[in-house]
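The primary structure of each chain is shown beneath.
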Amino acid sequence: MKELMRILLIGIIGVAAAVAVGMAVLFISSFALIKLGEKTEAAEKADCILVPGARIGGRALDFRLNMASELYDAGYAPYIIVSGAQGEDEPTTEARYMADYLTDKGVPEENILLEEAAVSTYENFLFSKAIMDQQGFKDAIIVSNDYHCYRCGKMAELVGISFQIQPVQKPKGIYTKGPFRETLAVMWYYFLGKF
C-alpha cells in the first residue's frame, strides 16, 4: 500500500510539474507574441480607421483616440469607426465617448461611424466588420495600445478584415498591467480557441 501511495504521489507531482512548465512556456510565448505585435506600424492609406473601445476615463483609450485623430488629419483614411458598448460603471457607450472626443479634436461627426453593441474586443471587430461591409470599406487601420495589437490582429483575421496595425504607446502606469492582462488573454485563446 505504501509503495502504491508513493508511486501515486510521484505521478501527481510529475503531472503538476509538467503543467507548471507548460503554463510557464505558454505565458512566455504569449508575451513574446504580444511584444512582436508592438513592432508594426501603418504605412498605407485605408478606407477607415478602426478604434476598439476601452474603459472610459482610462488613459489608454485617450491615447488611441489621439493617434486616430492624427492619422485622420494626415489623410490616412476618410472615416473612423469607433466601437464599444456601455459598461456598468460608464456614463455612456464607449463609442459615443470616442465620437465626442474625436469631434472635439476636429474630426467631422459625419466621418465617424459608431458601433455601440460590442462588449468584448472580439465583438469590436465582428460588429465593426458589419459596418465596413455596409459602407463598402475594403480595409482598415486598427489603432490600439501597443500591447493590445497582437490580439487585435488575430481577431481582425478571424472576422475577415484586411488591416494594418498602428500601435500607440502605453500610458505611464500601465506598463505591467496591460501587457500582463493581454498575455493572459492570449493564453486563454490558446486554451479555448477564442479570444
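Overview of the pattern of salt bridges
In total, this model carries four salt bridges according to the counting rule given. A salt bridge links K129 to D133, with the shortest nitrogen-to-oxygen separation between them at 2.8 Å. Taken together, the positions of K129 and D133, both in helix α4 (residues 121-135) and four residues apart, correspond to about one turn of that helix. The class of K129 is buried, set by a relative accessible area of 19%. When salt bridges that share partners are traced, they join R96, D100 and E109 into one network.

So, the nonpolar core
I49, V51, I80, V82, L102 and V143 are the most contacted members of the largest nonpolar core, which has 22 residues in total. Of all the secondary structure elements, the ones that give two or more residues to this core are β1 (48-52), α2 (59-73), β2 (80-83), α3 (94-104) and β4 (139-145). When residues of this core are assigned to their parent elements, the largest contribution, six residues, is made by α2. Residues contacting I80, with those up to four places away along its chain left out, are I49, V51, A68, Y72, L102, V107, N111, I112 and L113.

Observations regarding the sheet that holds strand β3 (residues 112-115)
Pairing is parallel across the open sheet formed by five strands, whose spatial order is β3-β2-β1-β4-β5. Edge positions in the sheet fall to β3 and β5 (162-168), since each of these pairs with one other strand and no more. The average angle at which neighbouring strand axes cross in this sheet is 25°, direction not considered. Here β1 pairs with β2 via four bridges, running parallel. The partner of I49 across the bridge, within β2, is I80. Together, β1, β2 and β3 form the strand contacts of α3, whose direction differs from that of β2 by roughly 145°. Where helix α5 (residues 149-159) meets the sheet, it contacts β1, β4 and β5, and its direction lies at approximately 165° from that of β5.

Calculation notes
- Here the residue numbering is sequential within each chain, running from 1 through the sequence in written order.
- Predicted model: local features are reported for residues with pLDDT of at least 70 only, side-chain atom pairs are reported and counted for 80 or more only, and whole-chain, interface and lining totals are derived from all residues.
- The side-chain numbers reported here are obtained from all heavy atoms of the structure, hydrogens and water having been left aside.
- Salt bridges, as used here, are contacts in which a Lys or Arg side-chain nitrogen is within 4 Å of a carboxyl oxygen on Asp or Glu.
- Put simply, DSSP H or I for four residues or longer makes a helix, DSSP E for two residues or longer makes a strand, and each gets a number counted from the N terminus.
- Under the scheme applied here, a residue whose accessible area is under 20% of the maximum for its type counts as buried, over 50% as exposed, and between as partly exposed, the area being computed with a 1.4 Å probe on protein chains only.
- What is meant by a nonpolar core is a set of buried Ala, Val, Leu, Ile, Met, Phe, Trp, Tyr and Cys residues, joined one to another through side-chain atoms within 4.5 Å.
- The contact definition used throughout considers only heavy atoms, calling two residues in contact when any of these lie within 4.5 Å.
- When DSSP finds two or more bridges between two strands, those strands count as paired.
- Lines fitted to the C-alpha atoms define the axes, with helices restricted to the stretch that makes contact. Angles between their N-to-C directions range from 0 to 180 degrees.

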